[in-house]
Amino acid sequence: MALVKAGVVVLDCAEPEKLAVFYKELLTAEETDATANRVEIRGADGFRLAFRRDVNATPPSWPRPENSLQAHIDFVVEDLDEAERKVVELGGRPLETKDAAGPFEERGYSDPAGHSFTVRLVTPTAPKQG
């Protein structure tokens, strides 16, 4: 029997209810638990996130080098442009701007509370050729 069961990624923020809505919409998730200071959601694939109230929370300042990235979440998508439209529509903002010439495999964003995350293309499952 495992000593530690599956965990939950918890993001501290001033308004957990509002941040939960952003991620519920982005991940097509459902709310699984809520208290006065914490909201937890679970995506269709089982990925769990929680949002904990911290009235003194300040957003990270990444990508500024003087406040290095401590942690972020990677989300896998099939269409970067569609994912970007959804993130921005829900109140997120792009963090990494790249030269528009050609496709890129990942893009960085922040949620409405300032936590950074990345969306990246699904890794191809076709066998390696050659």
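For the structure itself, look to the data block above.
Basis of the calculations
The residue numbering used here restarts from 1 in each chain and proceeds along that chain's sequence as written. Only residues with pLDDT of at least 70 are given local features in this predicted model, and only at 80 or more are side-chain atom pairs given and counted; all residues enter the totals for whole chains, interfaces and linings. Working from all heavy atoms in the structure, the side-chain values ignore hydrogens and water. To qualify as a helix, a DSSP run of H or I must reach at least 4 residues; to qualify as a strand, a run of E must reach at least 2; elements of each kind are numbered from the N terminus. Take the residue count of a helix, subtract one, and multiply by 1.5 Å to get its expected span. Summary of the burial criterion: residues with accessible area below 20% of their type's maximum are buried, those above 50% are exposed, and those between are partly exposed, where the area comes from a 1.4 Å probe applied to protein chains only. Note that the arc is defined by the directions from the helix axis to the C-beta atoms. We define a salt bridge as a side-chain nitrogen of Lys or Arg found within 4 Å of a carboxyl oxygen belonging to Asp or Glu.

## Description of helix H1 (residues 16-27)
Compared with the 16 Å implied by 1.5 Å per residue over 12 residues, the 16 Å span of H1 between its first and last C-alpha is a close match. Listing the buried residues of H1 in full gives Pro16, Leu19, Ala20, Phe22, Tyr23 and Leu26. Along the long axis of H1, the arc covered by the buried residues comes to 155°, so they all point the same way. At the C-terminal side of H1, Thr28 shows a positive phi close to 50°.

## Describing the pattern of salt bridges
For the structure on display, the rule yields 11 salt bridges. Glu31 is the partner of Lys24 in a salt bridge, and the nearest nitrogen-oxygen pair spans 3.7 Å. Judged by relative accessible area, which is 23%, Lys24 ranks as partly exposed. Taking the shortest distance from any N to any O, the salt bridge between Arg38 and Glu40 comes out at 3.2 Å. Residues participating in the shared-partner salt-bridge network are Arg38, Glu40 and Arg48.

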